[in-house]
Amino acid sequence: MGRPPRAGTGTLRAVFAVIRLDFDATVTWLGWTVRLETLVIAAAVFIGIALAGIGAGRMQARLDRLDEDHPQRQPRLRRDDLILIAFGAVPGAVVGGRLGYALIHFDYYRANPAAVADPSQGGLALTLGVLLGIRSAMGVARLLAAPVGRWLHVASVPLLVGLGLSKLAMVLGGAGQGQYSDASWATSYPRSGPWASANPGLSALPSQALEGGLVLLVAVAILVVPVLARFRVRRWRRIVRPGWAARRDWAVLRGWRRFVTALCLWAGVRIVAAFTWRDAEVLGPFRVEQLILLAIPGSCIVWFLGSRLRRRLAVLRAGRRANASKARASEKPTTDLAKSRPDA
C-alpha cells in the first residue's frame, strides 16, 4: 500500500510510519510497575558516573607517575568526591530545568507565575538544567578543595555519554517525538501507552534518537580524532611505512578546555536536532531553547579570545618590563663611571 498524498494545509495528519514501535512502555517486577524509560535513564546516569570514576583513577595514576617526587603537591582526584559532586549537580539541574521550561512556555507562566514553583505542573528543560547543574557541581567541588579543572577534563566524555544514552532512552517512553512527518525514518507508537508525547500513534520524526546518536558521535570523536591525527605514512625509498607521531595533547582538549569544547559541541548538535522539534519558532527558524544554546558557543568563543588576548598582553608587558630593566642596567655603569672621574 502506497503512502497517502501530502496534505495541502496543516501538519497534523494520519500518516502510517515505516518504523512502528510496538512494545509496552512499562515493566512490572515484584509488584512494582516502572517505566522502561526511567530504568534506562538511571542506567545511563550510572554509566556516566562509572566512566568518570574510571577516568579519574587513570588520570591520577598518570599524574602520580609523572610526579613521583611530590605526589601530594597538588589536590588529588578522589573517587569518593565524585559522588558528592554528582549529588551537588542535582539542585542546580532541577532549578535550571524548571527555569528553562518556564522560558519555553513564557506566555503561560507570565500569566501564572506561581505555577513555576509547582512541581506537579509542567516539566523540566534540558539545556538550562545541564548548565546550572554543572555550575552547582563546580561549587561543591570547590567546597571539597578538589581540582576543578581536572574534574572537568575527566567529566567531559562521561557527561556526553550520559546525555546521549538518556536521549536514546526517551524512545522507550515515547518522549521527545519531533514534527509530524511521513519520512522513511519516522516512528509511531501503535499501543495505548502511557506515552509521553502527544498523538504517539501518528508518524513523527524521532528527534530524541537523532540527538542521542549525534551526542554519542561527538563523544566518540573527542576520543578518536586526536588518535587518528597522529597517524603518519612515511616513505623510505619505495617502501611505504605507516606509523604514529609522538603524542601531543591539543590545547582545546586539555583540562577545563576539554570540557568547554565538549559542551560547545553538544550545544551544536542539539541545535541541529532542535530543528525537528514541535516547539514554536520565536525568532526566525529558531526556538527558545536554540537561542539559549547559541549563547553557549558564543560565550565560549568570547572566553577563548579574551583569554588569548590576556596572555598576549601579559607577554607584551613582561617584554616591556624586561627591556626597561635592561635599559636601567646599561645606564647604571655609565653613571657610575662619570661619578668616578676627577673634576677638571
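Remember, it's a predicted structure, so these values are computed and weren't measured experimentally.

On to the packing of aromatic side chains, then. One pass over the structure, following the stated rule, counts six aromatic pairs. Consider the rings of Y189 and W195, whose centres lie 4.5 Å apart with planes at 40°: the pair is tilted. Look at Y189 and you get buried, because its relative accessible area is 1%. A centroid spacing of 5.9 Å and a plane angle of 50° characterise the contact between F275 and F286, whose relative ring orientation is tilted. One end of the pair, F275, is in the loop between α7 (256–274) and α8 (288–340); the other, F286, is in the loop between α7 and α8, and eleven residues separate them in sequence. In this structure F275 comes out as partly exposed when scored by relative accessible area, which is 35%. Members of the aromatic cluster, joined through ring pairs, are F23, Y189 and W195.

This part is about the confidence of the model for the protein chain. For the protein chain, the mean per-residue pLDDT works out to 84, and 85% of the residues sit at or above 70. In the predicted structure, residues 1–12 sits below a pLDDT of 50 and forms 13 contacts with residues beyond four places in sequence or in another chain.

Tracing the backbone shows F46 in helix α1 (residues 36–66). On the accessibility criterion, F46 (61% relative accessible area) is exposed. Separated by 116 residues in the primary sequence, F46 and G162 have C-alpha atoms spaced 8.3 Å apart.

Taken together, the four bridges between strand β2 (residues 26–29) and strand β3 (residues 32–35) define a ladder with antiparallel strand orientation. Within β3, the residue paired with W29 across the bridge is W32. Remark: two residues form the turn of the hairpin made by β2 and β3, two consecutive strands paired antiparallel; L30 in that turn has positive phi of roughly 55°.

Calculation rules
Residues numbered from 1 in each chain as written. Predicted model: local features only at pLDDT ≥ 70, side-chain atom pairs only at ≥ 80, totals over all residues. Heavy atoms only, no water. Phe/Tyr/Trp six-rings, centres within 6.5 Å; stacked < 30°, edge-to-face > 60°. Buried < 20%, exposed > 50% of the residue type's maximum accessible area, 1.4 Å probe, protein only. Helix = DSSP H or I, 4+ residues; strand = E, 2+ residues; numbered from the N terminus. pLDDT = per-residue confidence, 0-100. Contact = heavy atoms within 4.5 Å. Pairing = 2+ DSSP bridges.

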